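Structural features, examined
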Amino acid sequence: MLKTIRLAALMSVITLTPFGLASAFAEPLKVVASFSVIEDFAKNVGGDRIEVTTIVGPDGDAHVYEPKPADAVAMSKADVVLVNGLHFEGFLQRLVEASATKATIVELTKGVEPIKMKEEFEEAEEGEAADGHAHHHGDTDPHAFQSIANAKIYVKNIAEAFCAADAAGCGAYKANADAYTQKLTETEGEVKAAIASIPESKRTIITSHDAFGYFEHEYGLTFLAPEGISTEAEPSAADVAALIRQVREDKASAVFVENITNTRLIEQIASETGLKVGGTLYSDALSFKGGPASTYIDMMRNNITTIKGAILGS
Amino acid sequence: MLHLLKTVSVAALLAGIAATASFAEENTAWRLFISDHGEPVVRALDAGSGRELGKFATKVPTSLARSDSGKTIFAVQGKGDIVQAISSGISIGDHGDHGDLKIEDAKLLDVEFAGKKPSHFVDHGGDIALFFDGEGVARTTSETDVLDGKADFRETKTDAPHHGLAVAFDGHVLLTEPNKEKPDELPVGIRVVDASGAQVGDVHSCPGLHGEAASGNILAIACAKGLLIVKSGDKEPSIEFLPYSETLPEGKTTTLVGGRGLQYFLGNYGPSAVVLIDSTSKEAFRRIELPTRRVHFAVDPVRPKFAYVFTEDGMIHQLDVVSGAITKSLPLTDPYSMDGHWSDPRPRIAVADDAIYVTDPLKSTLHVIDAKSFEKTKDISVEGKPFNIVAVGGSGETH
C-alpha cells in the first residue's frame, strides 16, 4: 500500500514537472512598445515568446499623445518597456511615474549617432525669442528610425533587452534579430537604388514636419518642412511663406502629406504653388493592418516608392 | 513636464531677486486664490507660507476659475451679473526643454464682462468662453486680450435664456441648445457654429446636459445618458456620443474634471460615487463607491496618478486613477452634510506643488496636506468663510 502511494506520488511529480516547466516557458515576456514602429521591431525579434502592448498605435502621433490610465496599467505589468528616447515620447516620464513600473526602460536609440534639428529652425526660433534670449527646444532630432542603418541598431538593442529579461529565449531572439537585420539590409539596398535613380537636381521635397532628417542624412534626399521636429508647435506664417518661396524658385520637386499630421498645411502649400500632393508618407507611425505601411519594411518601401513616383511622375 | 528643482523663499520672490538675476536659475512659485462664501473678496496667498499677498474686491461673493495657463483667475459672479479677472502674477513660458518662470504681483485687471447670471467658464487653449444663463448668450474672448486689459468679446446667442455653457473650440463655438418647451430645464444638446456664426451640421443630442471638462486634446460634455466626446476634426470639431456602460447602475454625471498628465475624466455618478472615464478604453467607465456623499473632487496636476475626493463625513480620499481605487483616506474636518442648499458653504480642494489644500469655511481655516505622505501638515487661518479655491504656479528658469 505504502509502495503504491509512493509510486503515485512519484508519478504525479513526473507528470507535473514537465507541465510546470512548460507553463513557465509558455508565459510570454510582457513588452510595452511606445509606438508602432517599435512594436513591429519587437515582434520580429520576440516572435511568440513575447506579448506586446503598444501605447501610440498606427497613424498615431507620439509627439502630442496623451497617455491614458490604461497605458499606465500596461506599463505597470510590463517586464520590458521599449522606447525611442531622444525626447521622442514626451509622455514617457509621466507614464513611468504614474505606473510605478519596475520594468527595464530600454532606449533603443542607444548607440545611434544623434543628429541635430535643422539649422533654419534653430535660427528661426532664436529670431522669434522675444524676451532677448535664445531657446533651443531639445535640438536633437529623435526620428532615428527613419534611417534603416539605425533601425538595425534598434533591433540589436531589442535583442539584448529581451536576452537580459529572458535568458532562456536568448538564442531565439538573436536568431530572429539576425534574420530580420538581413531583411533590413535588403530593404536599404532598394532605398539606395531608388534614390540613385532620381536626378540630383530633383532631390528636394516637402513634408509636414521634420521627421526625415536621418533619412536625408543617410540617403541624400533633402526634406523641407513647415513644422519642426515636433508636430506640437504650429509653424509661423514666415516659415510657411519661406517654403512657398522655395517651391516657386523651383527648389522643391514634390510635396507630401504625412499619415500623422493634419493635411491642411500641405494642401495650402500645394494650392499656392501649383504642386500636386504626391501622396502620403509614413513618418512617425505605421499604417493600420491592410494599409500600405503596416510594417516597418513596408513603410520604408512605400515611402521611397511614393517619393520616386511623385518626382519622376511615374 | 516641468521639474521641481528648487524653491526660493517668498522673501526672495518678493524682493525680486530671482527676476534680476543675470543668469538662469530654477525656481518654483505657487499661489492660491480663495473666495469667501459670504463676502465679496478674493484673497491671494503664497502657497508655501500661507502669507496673504493681496486682497481683491469683487461685486458679490464669487466662484473662481483659473485659465489653463494659470496666468488669469476669473471671478464669476452669478448673482452680481459680472465676471471680473485677476492676473495671478505667475506665468510660465514653455520653451520645450524648459520653462521660464515670471513672477509679478497679482492684480485685479481693469476688465469686466457684464451680463445676466454668468455661470460656466471654459478656457480652451487660451480662448475663453463665458456663458450668461440669464441671457442664453456666450461671450468669447482670448486670455491674451484679457491680460492686455481689453474687454473685447464676440457674442453668440442661443434661442433662450437657460443654464448652459459654451466652448471656443478650433475656430468654432460649441453652445448648449436650450430645451425649447421648458427652457428652465437642462439643455438638450450642443450646437456648433463657425466663425461667421452659422450653424455647422445638426444639433448633437445631449438631453440633461450639465458639466464639461477638457483633458489634453479631448473635451467631454456630460448628458443624462452618456457623454459627448469632442475632438479636433479636419474642418470642424468631431463630436461622438459615448453612452454610459450597461454595467453602471442608474445615474448620470453632472460635474466633470479632466485629468492632467494622464488623459481621463473624473465625474460624479449619483451622490455617493464617482466615475473614472477613459473614452478610448474598452472599459470606458470605472465607478468608485464612496463611503458617504461626495462634496467636492479635484485632480492632481503634479502627480497624474492621483485625484482627491472630499466626502460629507469630513474625510479626504486619495483616488488612484490607474488602479481605480481609493488608496488612502484622511479625516480632516467636522462633517459637512450635503443636505440643504447646493451652494451652502462646504470644503473645496486645490493642489499646489507638493501639497493639497482644503478650505474649511465654517472654521475659517485652510487645511494643508502633504501630497506624498497624505498626512496633514498644517492649518492656515483665513478670515471669513474661505470657500472656492484655485492654485496656480509651477517651476521654471528665471533670467
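Calculation criteria
Residues numbered from 1 in each chain as written. Chains lettered and ligands numbered in written order. Predicted model: local features only at pLDDT ≥ 70, side-chain atom pairs only at ≥ 80, totals over all residues. Heavy atoms only, no water. Helix = DSSP H or I, 4+ residues; strand = E, 2+ residues; numbered from the N terminus. Buried < 20%, exposed > 50% of the residue type's maximum accessible area, 1.4 Å probe, protein only. Contact = heavy atoms within 4.5 Å. Areas by Shrake-Rupley, 256 points an atom, 1.4 Å probe, with all protein chains shown as cover. Axes fitted to C-alpha atoms, helices over the stretch in contact; angles between N-to-C directions. Parallel < 35°, antiparallel > 145°, perpendicular 65-115°, else oblique. Left-handed = near helix turned anticlockwise from the far one by under 90°. Nonpolar A, V, L, I, M, F, W, Y, C, P; charged D, E, K, R; others polar. pLDDT = per-residue confidence, 0-100. Salt bridge = Lys/Arg side-chain N within 4 Å of Asp/Glu carboxyl O.

Within chain B, the regular secondary structure consists of three helices and 34 strands. For chain B, with 399 residues in total, the buried portion stands at 56%. Residue pairs in contact within chain B that sit at least 24 positions apart in sequence constitute 46% of those at least 6 positions apart. Summed over all atoms, the accessible surface of chain B reaches about 16500 Å², with 50% contributed by carbon and sulfur.

A few words now on the packing of helix H3 (residues 69-77) of chain A against helix H4 (residues 92-99) of chain A. All names here are of chain A. The interhelical angle for the contact between H3 and H4, taken along N-to-C directions, is 65 degrees, at an axis separation of 8 Å. By the angle between their directions, the pair H3 and H4 is classed as roughly perpendicular. The crossing of H3 and H4 is right-handed. Along the contact surface, H3 presents Asp 71, Ala 72, Met 75 and Ser 76, while H4 presents Leu 92, Leu 95, Val 96, Ala 98 and Ser 99. When grouped by side-chain class, the residues that make up the contact of H3 with H4 number six nonpolar, two polar and one charged.

To continue, consider the confidence of the model for chain B. For chain B, per-residue confidence averages 92 on the pLDDT scale, and 93% of positions sit at 70 or higher. Below pLDDT 50 for its whole length, residues 1-22 of chain B participates in 40 contacts with residues either more than four positions away or in separate chains.

All names here are of chain B. Counted by the stated rule, this structure contains 26 salt bridges over all chains. For the salt bridge of Arg 43 with Glu 52, the shortest nitrogen-to-oxygen distance reads 3.3 Å. When its relative accessible area of 6% is taken as the criterion, Arg 43 is described as buried. Where Asp 320 meets Lys 305, a salt bridge forms, and the shortest distance between an N and an O atom there is 3.7 Å. Separated by 15 residues along the polypeptide, Asp 320 in strand E28 (residues 315-320) and Lys 305 in the loop between strand E26 (294-299) and strand E27 (306-311) bring together distant segments of the chain. Of the two residues, Asp 320 and Lys 305, neither departs from the other in class, the shared state being buried.

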